[in-house]
Amino acid sequence: MSLRLSQGGRLIDRSKPVKFSFNGKALSGFAGDTLASALLASDHMLMGRSFKYHRPRGVVARGHEEPNALMNIGAGVFFEPNQRATVTPLREGLEAASQNHWPSLETDIGAVNGMLSRFLPAGFYYKTFIHPRPAWKHLFEPFIRQSAGLGKAPKEADGDQYEYLYQFCDVLVAGGGVAGLQAALRTGREGKRVLLLEQAAVWGGRAISDGDELDGQSAEAWVAQAVAELEAMANVTLCLNVVVSGVYDHGYVLAAQALPDHLPGGESPRERLWRIRTGKVIAAAGAIERPLSFAGNDIPGVMLAGAMRDYLADFGVVVGPRSVVVTNNDDAYRTAFALKAAGQAVPLIVDARPECDSPIIAAARAAGIEIAFGSAIAKVEGGKRVTGVQICAQNSAGSALREIACDAVAMSGGWSPAVHLFSQAGGKVIWDEASAFFRPDATRPPTGDDGVPFVSVVGAANGYLEAAQALADGAGEPVPDGVQAAIAAVWRMPAEAPAKLREKTWLDFQNDVKVSDVQLAAREGFESVEHAKRYTTLGMATDQGKLSNINGLAVLGDALGREIPQVGTTTFRPPYVPLTLGTVAGEARGPLFQPLRKTPMDAWHDSQGAYWEPVGHWRRPYCFLRGDETPEQAVAREVTNTRQNLGLLDASTLGKILVKGPDAGRFLDMLYTNMMSNLKPGRCRYGLMCSENGFLMDDGVVARIDEDTWLCHTTSGGADHVHGHMEDWLQTEWWDWQVYTANLTEQYAQIAVVGPQARAVLERLGGMDLSAEALPFMAWAEGELAGIPARVFRISFSGELSFEVAVPAGRGLELWQRLMDEGEALGVMPYGTEALHIMRAEKGFIMIGDETDGTVIPQDLGLNWAISKKKTDYMGKAAQARSHMTDPERWKLVGLETLDGSVLPDGAYAVGAGENAVGQRNMIGRVTSTYHSPTLSRGIAMGLVVHGPERMGEVLEFPQISGDVIKARIVSPVFFDPEGERLHG
Amino acid sequence: MAEHLHTEVTALEPCGMILLRGDLEAEWAPDLLSIMGYSLPEQRQVIQSEAGAALWFSPDELMLLCEAGSVAEAVVQMQSACREAQAHALVADISDARARFAISGPGARLTLSKLCPVDLSEAGFGPGHVRRTRIAQVACAFWMTGPESFELICFRSVSEYVEGLLRNAARSHMGLEML
Amino acid sequence: MLILTCPYCGVRAEETELAPGGEAHLKRVDPEGSPEALEEYLFHRANPKGVHFERWRHAYGCGKWFLAARDTVSMEVFGTYPAQISEPPQELIDTIRARRPGWEPV
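Remember, it's a predicted structure, so these values are computed and weren't measured experimentally. (Residues numbered from 1 in each chain as written. Chains lettered and ligands numbered in written order. Predicted model: local features only at pLDDT ≥ 70, side-chain atom pairs only at ≥ 80, totals over all residues. Heavy atoms only, no water.)

**Description of the interface of chain B and chain C**
- Listed per partner, the contact involves 18 residues of chain B and eleven residues of chain C.
- Carbon and sulfur atoms make up 48% of the surface buried where chain B meets chain C, a total of about 1,100 Å² over both sides.
- For R134 of chain B, the salt bridge is made with E14 of chain C, and the minimal N-O distance between the two is 3.6 Å.
- Where chain B meets chain C, there are ten residue pairs in polar contact (both at pLDDT 80 or more).
- Of all elements in the fold, only β4 (53-58), β8 (130-135) and β9 (138-146) of chain B reach the threshold of two or more residues within the side of chain B that touches chain C. (Contact = heavy atoms within 4.5 Å. Buried area = accessible area lost by both parts, 1.4 Å probe. Salt bridge = Lys/Arg side-chain N within 4 Å of Asp/Glu carboxyl O. Polar contact = N/O pair within 3.5 Å; in protein donor to acceptor, adjacent residues only side chain to side chain. Helix = DSSP H or I, 4+ residues; strand = E, 2+ residues; numbered from the N terminus.)

Printed below as a string of structure tokens:
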């Protein structure tokens, strides 16, 4: 049984008990524990069920690399699945639950999958569930969804807060172990701005737990001294609990900061994503121990040797009183010493290597620990926990030579340098045959914006696994040779393990991938490592194969008869450890999810029943609801009232761009399809703006302010784009033209005053002569209205008598209020965007984004009147002359009237006779805008139809998905007041 | 809880803002700027006065701040000075287009560091500098008005969003005590 | 994520402050141009593996368009320069030649 010893545990505070629960059971640990160490201390070795076969699983590692001990943590809005117990700090009241089992962790019905495992090999899903198709939906999928998977998806929105932090430095040191501290000291002493980040809650990496000696001091003393020196340097910043998760181009680094003191729902964020820009990265991320591949290597109680000594040194926890050590290298011997020193029994060290010698082997012999060289574990005995091991010769098929009763197995298949950060940004790795690992190739590092290498690697991550080597490498000094005996590459244990054993030999614990699965993939032709990975899912779980990748590659290479370098590695991609979605999103959630642009009158609208519609990032009233009206009723009322009395529209969102300079007229002539240079000051003109490809991009009314100044109105969504477009051409093509632009969109509130009473209400405000003589249609004037400085544009998008009044934004609400007050007797009502759309459609005015979609040219819309014939050039003119653009078969704008008065569905297609090349009915047109017109009491629509304007009166068929056909007649797009009499009031 | 990093976010009253675009190296430029009592700020610099500040926005663009009451007259004066000098320049009153915020206290730098991709260490940014950048998803500009205080401007339509961002970022600096 | 120095305001701006604008040094073809020249101008774009000249706007900063020479594989930036120029500056071409022997401007 796993338990806490009466002494030891450098990270825990035994005077501070911490209560928590696991699967509803009340338990207790100590401050400083992780959830994993506290569970082990309470004899909870079983921490979860595996993904596919529901095998009982216990903790196998110490840190982020843990594949098994994934937990549901918290409840309600603070619930989060798939949290690794090994890096979850224990805190008072923590609620943890194991995953992927039913009905309980101890008795899991899904474990039947394990008995069926011979029928669930790699690629099983692909092979089995293809036919018959209904079986997938009704039989297989529900079963798989029930039995596979890890944690449950949260049901509620996350109750915690997250945020970003932008940081800048010359040198980022990733990892605060010995090598990282040395690297920070070295670069810090050079005066560089250094940021040193460590994922754990303490400095020193493995050195202190391992009891290393550094520069003649204990690791503890050395680390304390190094940290003290770094803390004293003003140019060095150190931070614990920050894991560097990704290195990207040009020195961009992402790191996630955990805040262990954060309480669920507390003031502080739960996690913080650091977005770092650094000159250099020194990756000192250490190394990750590999499991050995023997049968039963996933039974709870089998643990990485390094992790076992960590639990002992850090938390005073052991997995059981009797532990067998199995290894192919010297490092695991340290676990045997540590256990012995703590009074635990180590009946045997199983060393797969032929007999060899080194200082530590000699010490083991001297300490009287039995070593079995050339040996292997044939099989681990036990179900939910280890009860013993069968020992065999490594070069055998696994016939047991002896059996040893034990509670735990400490395994070490060697260490893999954590090359992830180096590799993510483009660094290449090379296979080191002697050390049996991939190490960074210092000759092929990632390069930065200056073309110079920007990521270097030190310490264990660089392949220098021994403390004295890491010390030298981190300091940039020549690295001494190691004192350990050479590792033996052991990828299968025993070497000739038969199928019966290989099927119980796990490579990827989290995704339940076995040696036999990888061998099957090789047999079936998945020779590329990238293909084999996806076929077997090896390394595709949340741990991204930190423990399994190298072992898997080796097994694949062996099955293919290739060496590991020929097999190659899969690509290391960020993030190094899983990031929660909250951390990635940062502050962008709830009201801060995205900017919501509000006009100066927004609060008034909100208080008056505005039914909102998003327009770009703006919110605009679609209509204003009165009483228990539906939106449709409100829209009809607003249209009717505006046509009969008086309507007010908040048009503040319209783009307003000032264009000024001696060449402004010439510039606008290039930008718009018609002439703007000959517009007279005081006058307005409607203009179309096209892209160089000829397509209609934006439209709006241009007013000439004075001799060298024009004010260009754009669509609501188009202001920034049009301003950017203008600046683009001025800066990069016609830079010698003397023109300046200013985007004044937000400087002004703009109100459209529309309807037969429009002039009357403005006259009541007083201050300006707005008579038809003083201010004719398409003119503008400046003055004061109700004491507010204003520009009044006599323009109309509704077909009614209409004035658009622009005032400083800070006074927009005041003007709106005055118009509402003075208009009361005249029947004023505010109207929203839908009434605006209907009234413009009744008049046959096009709308950018409805009649245009990036493939429509003005000529398609019958807008030739707004295209200058005189100009030799404007943006898009050349393209509009291309054969495809002048093709008479292009669809052209028409009006559409349903025969029964109903409303055509938006986007509906008209079909003609015959079929197209792929046997579909021929499309001959489509609906671009469609509304119920309250003015005409019928459905009206606009659409693009082949030869449309030549087919007036013809009836088109619009088939529906239901099978019904709607018939509509081609008519003029101007449905209402074609003579424009109302406009002139 | 990092109490010593307390940060205050305040929405400021509107002030006068004038946009000037033109060749800032031209002969007429000093006279034009002197109307508002400013000289030409260097690249990415701000010149502060009792009444406001002159902000360098781009090689041909300045934003000039003044008291709200004096902006109308200043615009008229500057526009007529341009005409007299036959200067090709654009002067516009943009006082209503933007919102202003003050961010102050020992955590002010940290607060902006959470929202803007800018080096806000003392080595990277200090009094006298102005920076146009983005704050989360919208454009902004800021400069320092004291050793621990910033003024930030953004477009008026997104002032609620920006205020929300600033208050959210200022709330807690737990875990950043070492910066 | 790229970082490019804006030649107008001097800011080393990260990509989130910038807006991309495609290939640099396109020559506008007006209605007098031949159909072939127009086709080239409207539709044909270089997509080199290696040295590339491109347009960027410091959209969230000073608002200026500038040009950059960048290696599309290694992401090395050889230089940024103002947009008011129809060819890359000779100094930049020399820099690129030094860094990429054998490279010739198109």
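Next comes the rest of the write-up.
**Focus on the domain arrangement of chain B**
All names here are of chain B.
- When cut into domains, chain B gives domain 1 (3-12 + 97-170) and domain 2 (16-93).
- For domain 1 versus domain 2, the distance between C-alpha centres works out to 24 Å.
- With twelve residues of domain 1 in contact, the opposing surface of domain 2 contributes twelve residues.
- Approximately 1,000 Å² of surface area, both sides summed, lies buried where domain 1 meets domain 2, with 64% of it carried by carbon and sulfur atoms. (Domains from an automatic or database assignment.)

**Quick notes on the interface of chain A and chain B**
- Each partner contributes to the interface: chain A provides 51 residues, whereas chain B provides 46 residues.
- Carbon and sulfur atoms make up 57% of the area that chain A and chain B hide from each other, which totals about 3,900 Å².
- Of all residues in chain A, Y166, Y740 and E746 of chain A bury the most surface against chain B, accounting for 19% of the area lost on that side.
- Where chain A touches chain B, the interface holds five salt bridges.
- The partner of K598 of chain A in a salt bridge is E160 of chain B, with the nearest N and O atoms 2.5 Å apart.
- Taken together, chain A and chain B are joined by 25 residue pairs in polar contact (both at pLDDT 80 or more).
- With six residues, the single largest contributor to the side of chain A that touches chain B is strand β9 (residues 162-174) of chain A.

**Some points on the domain arrangement of chain A**
- Partitioning chain A into domains gives domain 1 (3-112), domain 2 (160-285 + 415-484 + 578-594), domain 3 (289-414 + 487-567), domain 4 (618-843) and domain 5 (844-983).
- Put simply, the middle of domain 1 of chain A and the middle of domain 5 of chain A, counted by C-alpha atoms, are 65 Å apart.

**With respect to the sheet that holds strand β40 (residues 740-743) of chain A**
Residue and element names in this part refer to chain A.
- On the basis of which strands lie adjacent, the open sheet formed by five strands has the order β37-β38-β39-β36-β40 and antiparallel pairing. Two strands close off the open sheet at either side, each with one partner strand: β37 (684-690) and β40. Looking at each pair of strands side by side, their axes are set apart by 30° on average, direction ignored.
- Here four bridges tie strand β38 (residues 696-706) to strand β39 (residues 709-714), and the two strands are oriented antiparallel to one another. Counted as the bridge partner of A703 is L711 from β39.
- Helix α22 (residues 719-732) rests against β36 (655-660), β37, β38, β39 and β40 of the sheet, and its axis sits at about 165° to β40. (Pairing = 2+ DSSP bridges. Axes fitted to C-alpha atoms, helices over the stretch in contact; angles between N-to-C directions.)

**Digging into the sheet that holds β8 of chain B**
All names here are of chain B.
- Read across the sheet, five strands follow the order β1-β7-β10-β9-β8 without closing on themselves; strand pairing throughout is antiparallel. Each of the sheet's edge strands pairs with one partner strand only, and the pair in question is β1 (8-12) and β8. In this sheet, adjacent strand axes meet at a mean angle of 30° when their direction is disregarded.
- As defined by bridge partners, β9 adjoins strand β10 (residues 149-155) across six bridges and the pair is classed as antiparallel. Residue A141 lies in a different strand from β10, and its bridge partner there is I153.

**Points about the environment of L688 of chain A**
Residue and element names in this part refer to chain A.
- Position of L688 relative to the elements: it lies in strand β37.
- By relative accessible area, which is 0% here, L688 ends up buried.
- Residues L688 and I867, spaced 179 residues apart in sequence, show a C-alpha to C-alpha distance of 8.0 Å.
- Apart from the residues within four sequence positions on either side, L688 is in contact with L671, Y672, T673, N674, L696, D698, D699, P858, L863 and A866. (Buried < 20%, exposed > 50% of the residue type's maximum accessible area, 1.4 Å probe, protein only.)

**Structural notes on unusual backbone geometry**
Residue and element names in this part refer to chain A.
- In the segment running from M493 into P494, the intervening peptide bond is cis, with an omega of -10°.
- Here the bond from P574 into P575 is cis, since omega is 0°, no more than 30 degrees from zero.
- We note that N82 has phi near 60°; this positive angle belongs to a residue other than glycine.
- Within the secondary structure layout, N82 lies in strand β7 (residues 80-84).
- In this structure, D512 is a non-glycine residue whose phi angle is positive, near 55°.
- In this fold, D512 is placed in the loop between β31 (506-508) and β32 (513-514).

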